[in-house]
Every structure is written in C-alpha cells, then in structure tokens.
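Spelled out from the first residue to the last, the chains are:
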Amino acid sequence: MKKFLLLAALISLFYGCENLTSVNKGMTLPAYQQNSLKQESFFLNDSGTAYLLDILSQNIKSNAVRSYETGNYFDIYMGEYLSIPCLDADNPALILAPNVQSYDAFIKNGRFYFRSLYQGVYTFNLMKEGSTGRTVTINNKSNYKVSNGDLKNIVYKNYNEKNLESLKNSATLFKLLFPDSTENKDISFLLFNLAVLEGNENIIKTESSFLEENYNLSSQDKMKLIAGKEKVLGNNYNLSEKYLDSYNNSPELNDYVMRNIIKRGNPTSNELLFLENIYATNPTKDLADIIGVLYFKAGNVIKGTHYSNTKNGNLPSALNNSLVMGNNKAPEESSQENPTETLEYSDFLNNYQNGISYYRDGSYAEAILLLEKSMLAEGNFIEKENIPFYLGDSYMMSGNYKKAKENFLLLKNTNEFYPNAMYKLGELYYKNGEKDLAIKTFEQNRDNFPGTVWGRKSSIYLLKLK
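Presented here is a report on the structure given in the accompanying data block. (Residues numbered from 1 in each chain as written. Predicted model: local features only at pLDDT ≥ 70, side-chain atom pairs only at ≥ 80, totals over all residues. Heavy atoms only, no water.)

Notes on the packing of helix H5 (residues 184-198) against helix H6 (residues 201-214)
Axis separation between H5 and H6 bottoms out at 9 Å; the angle between their running directions is 155 degrees. Between H5 and H6, the crossing angle belongs to the class labelled roughly antiparallel. When the axes of H5 and H6 are compared, the crossing they make is left-handed. In this structure, H5 contributes Lys 185, Ser 188, Phe 189, Leu 191, Phe 192, Ala 195 and Val 196 to the contact, and H6 contributes Ile 203, Ile 204, Glu 207, Ser 208, Phe 210 and Leu 211. Looking at the contact of H5 with H6 residue by residue, the class counts come to nine nonpolar, two polar and two charged. (Axes fitted to C-alpha atoms, helices over the stretch in contact; angles between N-to-C directions. Helix = DSSP H or I, 4+ residues; strand = E, 2+ residues; numbered from the N terminus. Parallel < 35°, antiparallel > 145°, perpendicular 65-115°, else oblique. Left-handed = near helix turned anticlockwise from the far one by under 90°. Contact = heavy atoms within 4.5 Å. Nonpolar A, V, L, I, M, F, W, Y, C, P; charged D, E, K, R; others polar.)

See below:
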C-alpha cells in the first residue's frame, strides 16, 4: 500500500494545471514514425491497474531519461524524461497538447528535456529570440495499450463497491491515460462523492481543484462541490473566483454562495466584494448588518461603519457598487456618512481598481503608478492586502526584479495570492543565480500548499533544479 500512497502524492503534483488557450487542438500526427517504442496490449483488472501505476511510479522515482540524438518525432513512456540535442534554441513553446495538461519542459546544457504523466501527443516549437528554429513532436504513451472501456468498467466497479483506495487508483489511471476523454469530469465527481462519504480531506481538495481548473461547471456542479467541502472541511476553505461571478451566476448559485460565505464567517476580500455585489442587487437590512460585521472583523472600519449605518429606515448604499458603476447615493444617504472617510476610501478604491485594470491589460507602468499610490493611502482598507502581489508581478513583468521581490515578501501567508507569489519569488531567485534560495522557496510552497496549482507547479520546477 505504501507505493500507492507515494504514487498518489506524486500524481497530485500534476492535478489541475492550467489549460493553455493558445494550443492548437486540430493538429495531426506526422505520418512517419521515427524513434518509436512498442506498446503491447494489456488485459486490465484491479491488479493490472496496480501494476501499471507501479510502472509509472518507478519511472518517476528513478528520474528515467530516454535520449535520442536525431529526428523530430519521439516516443517516450509516461513518466520518463525525453532528452534531445538543442543547441539552436533557448525556449520551448507548446503548440499542441492533450486537453488536460501537465508537463515539464525546459532547455538545459544544450539539450531539450520533456516529461509528463498524461498520455498524448505534445508538439513544441523550439524558439531562439522569438523565432522558431525547430519543431518537435513527442508521443508520450503508456508502456501497455489499455482499453478505455475496460478501465472505465473498473472505475465504476470500484465506485459501486465503495472502495475509495481502489477508485482513487483507477480514476487516476483513467485521467492519465485518456486526458481528452469526456468521461473525466464524471469520473472525477465519482471520486469526489465517495471521498465526501469517507471524509477524505486530501481527495476533496485535489478533485475539487481538478474540476474547477479544467472544466466549465454548471451551477449544480458548483453547489455540489461547495456542499462536499462544507461537510468535510468545515470552515477551513475559501471559494475561488470561479464561484464569485455574481453577474453571470444563476440566482440559485448566488444565494447558495452568499449563505456559504456568511456561515463560514471569515471571508476573503473577494468574497466580501461578492457580498457587496449581492447587496447592490437586492439590498436588505440583514445583509447590510452582516457585511458591516464582517468588515469590522476584517479591520475595515470605514466599510464596517458604512454598512452598519441604517437610520430612519434608510438602508446604506452599496458602497463598492456605487463606486464601480457610478455614484447612486441619495442625498440623505450621503449626509449620514463621515464625508472625509468616504472620500478617502473612494479615492483609494478608484486608484486601486484602475491599477488592477491596467495590470490585467498588461500596462504595467500605469499599474505600478496607481498601485503604489493606493499602497500609500491612509486607512486600513482590506483591499490593501492584495496590492503587494499585483505590484510584485507588475515589477517582475517590467524587469525590475529587486522591487518585485520586495513586494512579494510583503504579502501575508494567509492571502489567497500567497502561493502564486511564492512561486514567482522562487523563479526570481533562480534567475538571479540564488539557486539555494529558489529551492528552499519552491520546497516550502510545495509542502505548505500541496492542494494549489502553485504548490504543484513548485514541485515541477524543483525537478529541473535538482
């Protein structure tokens, strides 16, 4: 059983990696078969599933490398490294891959290296100063040819028997062997549902992350994931932006998310803004009071006071909504507030939101100017917690690595952007020749945030540093 636990840990490093929107899904394989490997047929049963996972585990643990010296098309077995000469390029650019992607690709000491746990065809342009020097195609495949139908039958058999450990193995193998299959979403939900019944926190985290990052989920799907997290994780989780799009969510989902945030009682800044958007659409005294209490709890006295200020039957205006969409306050509402505090927060939020807009558009100089101004504003505004990340990333994209590091290090480890920032900090250390610091940062990110994309990406980055 130990080998399965180890494999599960290794596999979890690759869950939920981001899909690349620029990938061309319509490209076909070359007609020729250079550097090909045999793939024998395999009759699958429960013990066969264990055997195939064991082979993959051994490839990973041994850091197996398959080297070729000529050609542009290469077969490798899943979990192995491909190594080919590459003296005329410095950057691999992915142009074809399976729908669910996770891979490691880099150029080091004149050779191109590639490894992935997902079966499928990967094509890269090997670039030099922005120009394509060579195109290579990699067929990453299992040692044995496995029937999709046979493996799917085993998955459902394990689920019907309520065998969580066996289902984890068969579901994992299915996702690795058939990453383009439309069955993956349903199979992941099977594993998630059984993990909820068994109270397995790790699987709840990894499977919900896999689903959120790789699929367009319906309102019912999202509510099912929230309900599972609530049952097993209690209040020890937050909702990602996937759940907080109040304008495009269904009314049922918005109500469900709102009640979940209120029940947990320790919302992130984005969750608080979601509540404000809900309040702007349907203002009630109860919700205003709740938002006020939560902002006081978060240390934002100005917003806390604003939403707690109900006089003569008049509800407070939706502060965030009015600042974003135009000032809709009635005269009597404005007169009830401290005008100095409201103006200070209004100026701050205007600079902050415009800075984020510039950041998302890639206008980093403008973003830095406004975000630095927001950071210097007086007042303990909750949005300030996110500024070091946006500033750090803006400086990083502008080439000012010193200022980028300074800002990333200011971010609190409880902030939702912290794992992302630490991954970028590790990259900066490595680019600056501080390899030991890079390794330490990536290791801490991997160990402290194993259920996040950035924890898993840190694990992948470590593979090429050690």
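As for the sheet that holds strand S4 (residues 81-85)
Spatially, the four strands line up as an open sheet ordered S2-S4-S7-S6, and their pairing is mixed. Every other strand in the sheet has two partners, leaving strand S2 (65-67) and strand S6 (103-108) as the edge strands with one partner each. With strand direction ignored, the average angle separating the axes of adjacent strands in the sheet is 20 degrees. Relative to strand S7 (residues 111-116), S6 runs antiparallel, the two sharing six bridges. (Pairing = 2+ DSSP bridges.)

Details of the pairing of strand S8 (residues 120-128)
The buried fraction of S8 amounts to eight of the nine residues, a majority that puts the element mostly inside the structure. With five bridges joining them, strand S5 (residues 91-96) and S8 adopt antiparallel strand pairing. Across the sheet, the residue bridging to Pro 92 is Leu 126, located in S8. Bridging between S8 and strand S9 (residues 131-141) involves nine bridges; their strand directions are antiparallel. The residue bridging Gly 120 from the neighbouring strand is Asn 140, located in S9. If you look at the hairpin formed by S8 and S9, you'll find two residues sitting between the two strands, and Glu 129 has a positive phi there, around 55 degrees. (Buried < 20%, exposed > 50% of the residue type's maximum accessible area, 1.4 Å probe, protein only.)

What about empty space enclosed by the protein?
Taken as a whole and assessed by the stated rule, the structure comprises two cavities of 30 Å³ or more. Each pocket or cavity is described by its volume, and for the largest cavity that value is around 90 Å³. If you go around the largest cavity, the residues you meet are Leu 52, Ile 55, Leu 56, Asn 59, Met 78, Ser 142, Asn 143, Tyr 144, Leu 173 and Leu 177. Looking at the lining of the largest cavity, the elements with two or more residues in it are helix H2 (46-61) and helix H4 (164-177). Top element by residues in the lining of the largest cavity is H2. It accounts for four residues. (1 Å grid on protein atoms, 1.4 Å probe; cavity = no way out; pocket = protein on both sides within 12 Å on 5 of 7 lines; lining within 4 Å. Points joined across faces, edges and corners; volume = space filled by probe spheres on them.)

Overview of the environment of Phe 189
The residue Phe 189 is located in helix H5 in this model. You can call Phe 189 buried: its relative accessible area is 7%. C-alpha separation for the pair Phe 189 and Asp 221, spaced 32 residues apart in sequence, amounts to 9.0 Å. Setting aside anything within four residues of it in sequence, one finds Phe 189 in contact with Leu 211, Leu 217, Asp 221, Lys 224 and Leu 225.

Examining the packing of helix H7 (residues 219-233) against helix H8 (residues 251-264)
One can describe the packing of H7 onto H8 by two numbers: an axis separation of 10 Å at closest approach and a directional angle of 15 degrees. Considered as vectors, H7 and H8 are oriented roughly parallel to each other. Viewed along their axes, H7 and H8 form a crossing whose handedness is left-handed. Across the interface between the two elements, Ser 219, Lys 222, Met 223, Ile 226, Ala 227 and Glu 230 from H7 touch Glu 252, Leu 253, Tyr 256, Val 257, Asn 260 and Lys 263 from H8. Looking at side-chain class alone, the contact of H7 with H8 contains six nonpolar, two polar and four charged residues.

Overview of H7
Between its first and last C-alpha atoms H7 spans 21 Å; for 15 residues at 1.5 Å apiece the expected length is 21 Å, and the two agree. Those residues of H7 not exposed but buried are Asp 221, Lys 222, Met 223, Leu 225, Ile 226, Gly 228, Lys 229, Val 232 and Leu 233. Residues of H7 that are buried in the fold lie against H5, H6 and H8. Just downstream of H7, Gly 234 is the residue with a positive phi angle, here 65 degrees. (Expected span 1.5 Å × (residues − 1).)

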